[in-house]
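Listed below, chain by chain, are the residues.
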Amino acid sequence: MTDAADLRGRTADLLAANPPATTERLAFLRARFDAGLAWVHFPEGLGGLDAPRSLQAVVDAELEAAGAPGNDPGRIGIGLGMAAPTILRYGTDEQKQRLLRPLWTGEEVWCQLFSEPGAGSDLAALATRAVRDDAGDWIVDGQKVWTSSAHLARWAILIARTDPGLPKHRGISYFVCDMTDPGVEVRPLRQITGEAEFNEVFLTGVRIPDTQRLGEVGEGWKVAQTTLMNERVAIGGARIPREGGMIGVAAADWRARPELRTHDLHQRLLKLWVEAEVARLTGERLRQQLTKGQPGPEGSGMKLAFARLAQEISGWEVEFLAEDGLTYDDWTMRRPDGVDFTGREAGYRYLRAKGNSIEGGTSEVLLNIVAERVLGLPPEPRTDKDVAWKDLPR
């Protein structure tokens with residue numbers, strides 16, 4: 001069995017064969033993947049060694065100490081946190097071999113084509129259609145919205161309706177869509193920050209081969225649950241050090257500006273600091289639980305906590321900084337590679353955090369998940385559960 005000592009040895013071998021100071025970044029990342037040190041808990045040949053997930057920290061620490069390049073997870077987070085675990089669980093051998101390596105190295109960026117103008121909180125009501133033609137391919141028509149990184153992406157994970165005669169949860173299938181194919185149009189959505197990291201995507205007669213389907217026809221909702229559960233862990237359960245993230249920025253502001261301190265702001269900051277530390281430790285426990293299997297509904301609780309804390313901490317910071325908290329560096333319309341919650345000014349954090357309670361599942365939906373699947377409370381009445389999607393009022 002692979003243990004920490006074995007992984008340190010493998011990491012030393014990787015560094016000896018590919019010195020970070022003289023090896024081109026992409027070449028190093030490819031070598032790391034091929035050595036099984038990308039995701040140590042993934043199977044051999046797919047970036048891993050079938051090792052316990054908890055041992056990934058051993059590899060990461062050794063590589064960080066050696067100054068090895070990273071794969072820029074902020075830029076490729078959708079691929080790493082959502083697409084990869086879904087492909088691993090439901091993909092064919094050919095799909096895994098083709099998609100996982102360039103996904104991890106960042107050569108191919110991924111996006112997520114789930115939400116629609118009429119199917120956000122009620123995702124299963126989606127209307128994008130996929131119809132199979134005589135050649136066995138799928139022809140997709142529809143519109144998706146709030147698609148992060150679509151302007152950068154080569155691939156997308158896509159759910160579409162393949163049987164409107166079935167109830168909404170049972171007539172969906174799951175596909176991998178090539179974003180460079182004819183019929184895919186990406187349009188920017190400018191946000192309150194002035195940027196357009198989100199997009200709307202129009203699909204018009206997009207041909208997707210059946211070889212790019214994940215899971216069985218009609219089982220897309222089941223496959224999507226794997227994506228969604230991993231998404232919420234990726235958003236709410238990221239590993240950060242003590243007093244890291246946004247609470248660290250707020251605490252640094254407090255220490256640097258004693259002339260702005262008040263008793264009330266001090267009490268509020270202490271409360272937020274404790275809550276952030278509780279969330280951080282809960283996230284550590286959740287990651288330990290993940291070593292035993294797939295993520296569960298607990299990830300929804302972490303994402304809920306992340307959204308609430310981000311909004312409250314950024315609100316506290318703007319209030320503490322007074323007129324300085326109202327400044328903003330750049331309203332220029334641009335399409336960034338990712339989100340930077342700690343490297344920008346307080347005004348950016350305050351505005352961008354407003355989306356945290358919407359993206360990755362609205363807080364209202366996540367509260368229902370926690371109530372039903374964690375606390376075991378009775379579910380809300382669902383009168384449309386057994387009604388064919390085509391017969392639902394719209």
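Because the structure is predicted, anything quoted here is derived from the model rather than measured. (Residues numbered from 1 in each chain as written. Predicted model: local features only at pLDDT ≥ 70, side-chain atom pairs only at ≥ 80, totals over all residues. Heavy atoms only, no water.)

(A) The overall build of the protein chain, seen in detail. Looking only at helices and strands, the protein chain has 11 helices and 8 strands in total. Expected size for 394 residues packed as a compact globule is a radius of gyration near 21 Å; at 22 Å, the protein chain falls within 12% of this value. Contacts spanning at least 24 positions in sequence make up 70% of the contacts within the protein chain whose residues lie at least 6 apart. Carbon together with sulfur atoms contributes 53% to the accessible area of the protein chain, which is approximately 18500 Å² in total. Between the mean site of the 48 positive side-chain charges and the mean site of the 57 negative ones, the protein chain shows a separation of 3 Å. (Helix = DSSP H or I, 4+ residues; strand = E, 2+ residues; numbered from the N terminus. Rg over C-alpha atoms; globule rule 2.2 N^0.38 Å. Contact = heavy atoms within 4.5 Å. Areas by Shrake-Rupley, 256 points an atom, 1.4 Å probe, with all protein chains shown as cover. Lys, Arg positive; Asp, Glu negative; His and termini not counted. Charge placed at Lys NZ, Arg CZ, Asp CG, Glu CD.)

(B) Quick peek at the side chain of Thr128. Here Thr128 shows up in the loop between strand S1 (110-113) and strand S2 (129-132). Within polar-contact distance, the side chain of Thr128 engages the side chain of Glu116 at 2.7 Å. (Polar contact = N/O pair within 3.5 Å; in protein donor to acceptor, adjacent residues only side chain to side chain.)

(C) A nonpolar patch on the surface, seen in detail. On the surface, Val374, Leu375 and Leu377 cluster together into a nonpolar patch covering about 280 Å² of accessible area. The residue Val374 is located in helix H11 (residues 363-374) in this model. (Patch = residues over 30% accessible without salt bridge, like charges linked within 9 Å, V, L, I, M, F, W, Y side chains within 5 Å. Salt bridge = Lys/Arg side-chain N within 4 Å of Asp/Glu carboxyl O.)

(D) Examining the environment of Trp331 more closely. By the element assignment, Trp331 lies in the loop between helix H9 (298-321) and helix H10 (346-352). Residue class for Trp331 comes out partly exposed when judged on its relative accessible area of 47%. In sequence terms Trp331 and Ile192 are 139 residues apart; their C-alpha atoms lie 9.4 Å from each other. In contact with Trp331, not counting residues within four places along its chain, are Arg190, Ile192, Thr193, Gly194 and Leu351. (Buried < 20%, exposed > 50% of the residue type's maximum accessible area, 1.4 Å probe, protein only.)

(E) How the structure looks around the pattern of salt bridges. Within this structure, the stated rule accounts for 33 salt bridges. Across the pair Glu107 and Arg30 runs a salt bridge whose closest N-O atoms are separated by 2.5 Å. With Glu107 in the loop between helix H5 (93-105) and S1 and Arg30 in helix H2 (residues 25-34), this pair connects stretches of sequence that are 77 residues apart. Under the relative-accessibility criterion, Arg30 is labelled partly exposed at 30%. The residue Asp391 makes a salt bridge to Lys390 at a minimum N-O spacing of 3.4 Å. According to the relative accessible area criterion, Asp391 is partly exposed, its value standing at 49%.

(F) Geometry of the packing of aromatic side chains. As enumerated under the stated definition, the model contains 12 aromatic pairs in all. Taking 6.4 Å as the distance between ring centres and 80° as the angle between the ring planes, the aromatic pair formed by Phe306 and Phe341 counts as edge-to-face. Residue Phe306 is found in helix H9, and its partner Phe341 is found in the loop between H9 and H10; the two are separated by 35 residues along the sequence. Among the residues examined, Phe341 registers a relative accessible area of 16% and is labelled buried. The interplanar angle of 10° and the centroid separation of 5.0 Å between the aromatic rings of Trp316 and Phe320 together place this pair among those described as stacked. Here the residue Trp316 and the residue Phe320 both occupy positions in helix H9, the gap between them amounting to 4 residues, near one helical turn. Among the aromatic residues, those joined into a ring-pair cluster are Phe33, Trp39, Phe42 and Trp104. In this arrangement the basic side chain of Arg187 is found over the ring face of Phe202, its NZ or CZ atom lying 4.0 Å from the centre. Here Arg344 stacks its cationic end above the ring of Tyr348, 4.0 Å away from the centre of that ring. (Phe/Tyr/Trp six-rings, centres within 6.5 Å; stacked < 30°, edge-to-face > 60°. Lys NZ or Arg CZ within 6 Å of the ring centre and 35° of its normal.)

(G) View of the packing of H9 against H11. Orientation of H9 relative to H11, taken along the N-to-C sense of each, is 145°, at an axis distance of 9 Å. In this structure, H9 meets H11 at a crossing whose hand is left-handed. Judged by residue contacts, Glu298, Ser300, Gly301, Lys303, Leu304 and Ala307 of H9 engage Ser363, Leu366, Leu367, Ile369, Val370 and Val374 from H11. (Axes fitted to C-alpha atoms, helices over the stretch in contact; angles between N-to-C directions. Left-handed = near helix turned anticlockwise from the far one by under 90°.)

(H) Representation of the pairing of S1 in the model. Side chains Trp110 and Gln112 of S1 all project onto a buried face; the interleaved residues Cys111 and Leu113 project onto the opposite face, where all are buried too. Bridge analysis of S1 against strand S4 (residues 155-161) gives 4 bridges, and the strand direction is parallel. When the bridges of S4 are listed, Gln112 appears paired with Ile157. (Pairing = 2+ DSSP bridges.)

(I) Up close: the side chain of Arg349. On the secondary structure map, Arg349 appears in helix H10. Not counting residues within four places of it along the chain, the set of residues in contact with Arg349 comprises Met246, Val249, Ser314, Glu317, Phe341, Thr342, Gly343 and Arg344.

(J) Broad picture of the pairing of strand S5 (residues 172-178). In terms of residue burial, S5 counts as a mostly covered element, since 7 of its 7 residues are buried. Taking every second residue as pointing to the same face, both faces of S5 are buried, with Ile172, Tyr174, Val176 and Asp178 on one and Ser173, Phe175 and Cys177 on the other. As paired strands, S4 and S5 are joined by 7 bridges and run antiparallel to one another. From the neighbouring strand, Leu158 faces S5, where its bridge partner is Phe175.

(K) Expanded view of the nonpolar core. By size, the foremost hydrophobic cluster in this structure holds 53 residues, and its most contacted members are Trp39, Trp110 and Met179. Once you skip the residues sitting within four places of it in the chain, Trp110 turns out to touch Ile78, Gly79, Ala83, Ile87, Leu99, Leu103, Ser149, Ala153, Trp155, Ala156, Ile157 and Val176. Counting 19 residues, the second largest nonpolar core, distinct from the first, contains Ala250, Trp254, Leu265 and Ala353. (Core = buried A, V, L, I, M, F, W, Y, C linked by side-chain atoms within 4.5 Å.)

(L) Molecular detail of H2. The set of residues buried in H2 consists of Phe28, Leu29, Ala31, Arg32 and Phe33. Of the surrounding elements, those touching the buried residues of H2 are helix H1 (4-17), helix H3 (56-65) and H5. Put simply, Glu24 is the residue that caps the front of H2, since its side-chain oxygen is 3.1 Å from the backbone nitrogen of Leu26. The positive-phi residue at the C-terminal boundary of H2 is Gly36, with phi of around 80°.

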